[in-house]
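The lines below spell out each chain.
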There are 2 protein chains.
Amino acid sequence: MARWEPNARERLVRAALDLFTEQGYDATTVNEIADRAGLTKTTFFRHFPDKREVLFAGQDTHARLLADAITEAPSPATPLQAVGAALDAITATFTDDRREFSAKLRSVTAGNSELQERAAFKRSGLAKAMADALHKRGISEPTAGLAAELGIRAFYHAFDQWADPTNRQTLAELARHALGELRSATAALG
Amino acid sequence: MARWEPNARERLVRAALDLFTEQGYDATTVNEIADRAGLTKTTFFRHFPDKREVLFAGQDTHARLLADAITEAPSPATPLQAVGAALDAITATFTDDRREFSAKLRSVTAGNSELQERAAFKRSGLAKAMADALHKRGISEPTAGLAAELGIRAFYHAFDQWADPTNRQTLAELARHALGELRSATAALG
């Protein structure tokens, strides 16, 4: 039976991100990531299918958090109010000690087109999870998709601001503010 | 000097799409695509870096069409009016004889996660091209990004309807209608 390794998943994610930052994504091997984390290659592959997925490990959890918050929003909530609840739920998991980690993640992704592609796919997956949850509340298209898009847009915009080490606001505050700005912008579309 | 092959690019795209449809994307090699098109592997690589890019060949042209139409829209045009002009410009290139080809392309992409990732990246690239053109008209964020998003959303929704062989409307009509519906949906966000 496989030995239980405490925090193996998190150790692998941190080791991978450090190595990608130091020597580049392409130059880093799974063996090096496992070594840096003090774990074996076998342990790595118990957690991730390949080195790319290390950076997108939270996708399912994030999708579920967003969808559950929309499902559980009180019934009189408008589409954007439900989306606001979803932003509250997901941003609460980004505690201040994750800011530096997030800055590194953003920088590694920006430097590699394969990772940018994967990130665009993650983004559309999160938007779809919100739109599907809105459908279950009886919101039809195109309203549901649009509300979800505003939520995703607010989240990523806020994340970019928050990942800046000089920023002092919480991700929750930034996301709520961004969602409000987007709502106002709908009136300026013409 | 390389021999000039008439319509090589288009022949390669059609051969690739036929093979992907018949035997699957993963099972198809560049050699088979070149053979089917009656061309050589060398000719293939003069046109495309790999078999995946065959399916995304029009991306730069599409981005330019969208951006140029926004740039050239008359100065009193609102953000959404400029985006409407961009949709007119791009949809005019999707003549009715491309409908069957588009249906195949949609079906091949839907069946493969690597292609879906690449397609999501193309989508975000086209949206960015429109948003950048709107910035140059003096439209700031988040309005520019939102207007571009509505345009992209209208285009892809219309494309899905149009690629259905039973549909009889033009892509231009479908896209204009979809953009109008999205504009109305902004009032239902709450």
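Residues numbered from 1 in each chain as written. Chains lettered and ligands numbered in written order. Predicted model: local features only at pLDDT ≥ 70, side-chain atom pairs only at ≥ 80, totals over all residues.

Focus on the overall build of chain A
Looking only at helices and strands, chain A has 9 helices and 0 strands in total. Mapped from its N terminus to its C terminus, chain A presents α and β elements in the order α-α-α-α-α-α-α-α-α. For chain A, the spread of C-alpha atoms along the three principal axes comes to 55 × 40 × 30 Å. Each of the 190 residues in chain A was classed as buried or not, and the buried ones make up 40%. By sequence separation, contacts in chain A at least 24 residues apart represent 64% of the contacts at least 6 residues apart. (Helix = DSSP H or I, 4+ residues; strand = E, 2+ residues; numbered from the N terminus. Buried ≥ 20, exposed ≤ 12 C-beta atoms within 10 Å, placed from the backbone. Contact = placed C-beta atoms within 7 Å.)

Comments concerning the environment of Ala37(A)
Residue and element names in this part refer to chain A. Turning to its location among the elements, alanine 37 is positioned in helix H2 (residues 30-37). For the pair alanine 37 and alanine 8, spaced 29 residues apart in the sequence, the C-alpha separation amounts to 7.9 Å. Excluding residues within four positions of it along the chain, alanine 37 makes contact with Arg11, Leu12 and Ala15.

Describing the relation of the copies chain A and chain B
Each copy of the sequence occupies a distinct position, and chain A is placed on chain B by a rotation of 180° and an axial shift of 0.0 Å, giving an RMSD of 0.0 Å. Interpreted geometrically, this transformation is the action of a two-fold axis. A high fraction, 100%, of the interface residues of chain A reappear at the interface in chain B, so the copies pair face to face through one surface. (Least-squares fit on C-alpha atoms with pLDDT ≥ 70 in both.)

Thoughts on the packing of helix H5 (residues 79-91) of chain B against helix H9 (residues 171-185) of chain B
All names here are of chain B. The geometry of H5 relative to H9 is characterised by a closest axis approach of 9 Å and an angle of 155° between their N-to-C directions. In terms of their interaxial angle, H5 and H9 are classed as roughly antiparallel. The crossing of H5 and H9 is right-handed. Residues Leu80, Gly84, Leu87, Asp88 and Thr91 of H5 form the contact with H9, whose own contacting residues are Leu171, Ala172, Ala175, Arg176, Leu179 and Arg183. Of the residues that constitute the contact of H5 with H9, the class distribution is 6 nonpolar, 2 polar and 3 charged. (Axes fitted to C-alpha atoms, helices over the stretch in contact; angles between N-to-C directions. Parallel < 35°, antiparallel > 145°, perpendicular 65-115°, else oblique. Left-handed = near helix turned anticlockwise from the far one by under 90°. Nonpolar A, V, L, I, M, F, W, Y, C, P; charged D, E, K, R; others polar.)

Section: the interface of chain A and chain B
Across the contact, 25 residues belong to chain A and 25 residues belong to chain B. Broken down by secondary-structure element, the contributors of at least two residues to the side of chain A that touches chain B are helix H5 (79-91), helix H7 (113-136), helix H8 (143-162) and helix H9 (171-185) of chain A.

Thoughts on the confidence of the model for chain A
Per-residue pLDDT for chain A averages 93, and the proportion of residues at 70 or more is 98%. Predicted complex metrics record ipTM = 0.83 and pTM = 0.87. (pLDDT = per-residue confidence, 0-100.)

So, the domain arrangement of chain A
Residue and element names in this part refer to chain A. The domain boundaries assigned to chain A delineate domain 1 (8-54) and domain 2 (58-188). Computed from C-alpha atoms alone, the centre-to-centre distance between domain 1 and domain 2 is 27 Å. Between domain 1 and domain 2, the residue contacts involve 5 residues of the former and 9 residues of the latter. Each residue belonging to the side of domain 1 that touches domain 2 can be placed in one class, and the counts come to 3 nonpolar, 1 polar and 1 charged. (Domains from an automatic or database assignment.)

Digging into the environment of Phe44(A)
Residues and elements named next belong to chain A. Residue placement: phenylalanine 44 occurs in helix H3 (residues 41-47). The exposure class of phenylalanine 44 is buried, given the 24 C-beta atoms found within 10 Å. For the pair phenylalanine 44 and glycine 190, spaced 146 residues apart in sequence, the C-alpha separation works out to 52 Å. Setting aside residues no more than four positions away along its own chain, phenylalanine 44 makes contact with Leu12, Val30, Ile33, Ala34 and Leu39.

Let's talk about the nonpolar core
Ranked by size, the top nonpolar core spans 82 residues in total, and within it Leu66(A), Ile70(A), Met130(A), Leu66(B), Ile70(B) and Met130(B) carry the most contacts. Each residue touching Leu66(A), except ones within four places of it in the same chain, is listed here: Ala86(A), Ala89(A), Ile90(A), Leu126(A), Ala129(A) and Met130(A). (Core = buried A, V, L, I, M, F, W, Y, C linked by C-beta atoms within 7 Å.)

Describing the packing of H8(A) against H9(A)
Between two packed helices, both the angle of their axes relative to each other and the distance between the axes serve to describe the pair. Residue and element names in this part refer to chain A. Orientation of H8 relative to H9, taken along the N-to-C sense of each, is 135°, at an axis distance of 8 Å. The angle between H8 and H9 places the two elements in the oblique class. Two packed elements cross with a definite hand, and for H8 against H9 that hand is right-handed. In contact with Leu150, Gly151, Arg153, Ala154, Phe155, His157, Ala158, Phe159, Gln161 and Trp162 of H8, H9 contributes Leu171, Leu174, Ala175, Ala178, Leu179 and Leu182.

Some thoughts on H7(A)
Between its terminal C-alpha atoms H7(A) stretches 35 Å, which fits the 34 Å expected from 24 residues at 1.5 Å a residue. All of the buried residues in H7(A) are Glu117(A), Arg118(A), Ala119(A), Phe121(A), Leu126(A), Ala127(A), Ala129(A), Met130(A), Ala131(A), Ala133(A) and Leu134(A). Summarising the contacts, the buried residues of H7(A) are in contact with helix H4 (59-72), H5, helix H6 (99-110) and H8 of chain A together with helix H7 (113-136) of chain B. A positive backbone phi angle near 90° is found at Gly138(A), which sits one or two residues after H7(A). (Expected span 1.5 Å × (residues − 1).)

Observations regarding unusual backbone geometry
One can expect most non-glycine residues to show negative phi and most peptide bonds to be in trans. Cis rather than trans, the peptide bond between Glu141(A) and Pro142(A) has omega equal to 5°. The residue Pro142(A) is located in the loop between H7 and H8 in this model.

As for the environment of Ala158(B)
Tracing the backbone shows Ala158(B) in helix H8 (residues 143-162). Beyond its immediate stretch of four places on either side in the chain, Ala158(B) contacts Leu171(B), Leu174(B), Ala175(B) and Ala178(B).

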